[in-house]
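Remarks on the overall topology
Here is how the chains run, residue by residue.
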Amino acid sequence: MHPLNSAVKALIQMMEECGISESPILLTPDYDLPKCAYEKGVPVQVIFGGRSAVFVADEPVKATTKASFMVDAPLKKVTQRAAAAGILNAVTGFLCTSRKLHACRQEEHTGCRTELARKIQNKRIYCCGNMPDVRKLAGNYLVNRPEDADIILVTGDGLTRDDAVILSEIPKEKLLYLGPSTVGAANLLHCEHFCPFGRANLQTSED
């Protein structure tokens, strides 16, 4: 099963228990939103219950929907997975199980790269996603097959790909999800998430 389908299944159960699965969710492209250093694309703001989160998608996603649309949905298209991932972020933020819902400020990118370089030092790295900055950090430790890696790094664009299904077959301790776009999925799948300077909202740097 694709990891996003697994995460959606876990979220729907939580929402049904809370009685909020039919509450409206608003997805709107916002090119002015700050982006994570490891992500390229269109920032999509997702609002649920007054809580704001972001997902950086390959193309604009605009919709007013509700979480119940995802029940038993195959999520076969990248845009559908991007919308689902954004919803995971906003709803887990609303439920206070995710905190890093927006990217850090640009001046914090250098510090983030330094912390990530320290974390992956001397580890064989496989990148599930484009993340050119991370590939530079990995250098000669970058590998071409996930089975050869000590750590598999996952960004939002990697998470929405068809071949991300392989992540479901990999031990969770080898996975490291990067940036605010992946926070909801990482939380629901009980995987480690890396976003040291990410913000809970756009006004504060609250952890």
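Predicted model only: the values in this text are computed from it and were never measured.

Looking now at the overall build of the protein. Along the protein, the regular secondary structure elements total six helices and eight strands. Mapped from its N terminus to its C terminus, the protein presents α and β elements in the order α-β-β-β-β-α-α-β-α-β-α-β-α-β. Relative to the globule expectation of 17 Å for 207 residues, the C-alpha radius of gyration of the protein, 16 Å, shows essentially globular dimensions. By principal-axis analysis of the C-alpha atoms, the protein measures approximately 50 × 35 × 30 Å. Taken over 207 residues, the protein has a buried fraction of 50%.

Our next topic: the sheet that holds strand β1 (residues 24-29). Two modes of strand pairing occur in sheets, parallel and antiparallel, and in both the strands are linked by backbone hydrogen bonds. In space, the four strands of this open sheet follow the order β3-β2-β1-β4, with antiparallel pairing throughout. A strand with exactly one partner marks an edge of an open sheet, and here the two such strands are β3 (51-57) and β4 (63-66). Each strand of the sheet is rotated relative to its neighbour by a mean of 25°, with strand direction disregarded. Sheet topology note: the β1/strand β2 (residues 42-48) ladder contains five bridges and is antiparallel. Bridge pairing in β2 places Thr 28 opposite Gln 45.

Turning to the packing of aromatic side chains, a few remarks are in order. One pass over the structure, following the stated rule, counts one aromatic pair. Considering the side-chain rings of Phe 48 and Phe 94, the 5.1 Å spacing of their centres and the 90° angle between planes classify their relative orientation as edge-to-face. Highlighted residues: Phe 48 in strand β2 and Phe 94 in helix α2 (residues 78-94), separated in sequence by 46 residues. Taking relative accessible area as the criterion, Phe 48 reaches 2% and is therefore assigned buried.

What follows covers the environment of Leu 88. Tracing the backbone shows Leu 88 in helix α2. Accessibility expressed as a relative area gives 0% for Leu 88, which makes it buried. Dropping the residues within four chain positions of it, Leu 88 is found in contact with Leu 4, Ala 7, Val 8, Leu 11, Gly 184, Ala 185 and Leu 188.

Conventions used here
Residues numbered from 1 in each chain as written. Predicted model: local features only at pLDDT ≥ 70, side-chain atom pairs only at ≥ 80, totals over all residues. Heavy atoms only, no water. Helix = DSSP H or I, 4+ residues; strand = E, 2+ residues; numbered from the N terminus. Rg over C-alpha atoms; globule rule 2.2 N^0.38 Å. Buried < 20%, exposed > 50% of the residue type's maximum accessible area, 1.4 Å probe, protein only. Pairing = 2+ DSSP bridges. Axes fitted to C-alpha atoms, helices over the stretch in contact; angles between N-to-C directions. Phe/Tyr/Trp six-rings, centres within 6.5 Å; stacked < 30°, edge-to-face > 60°. Contact = heavy atoms within 4.5 Å.

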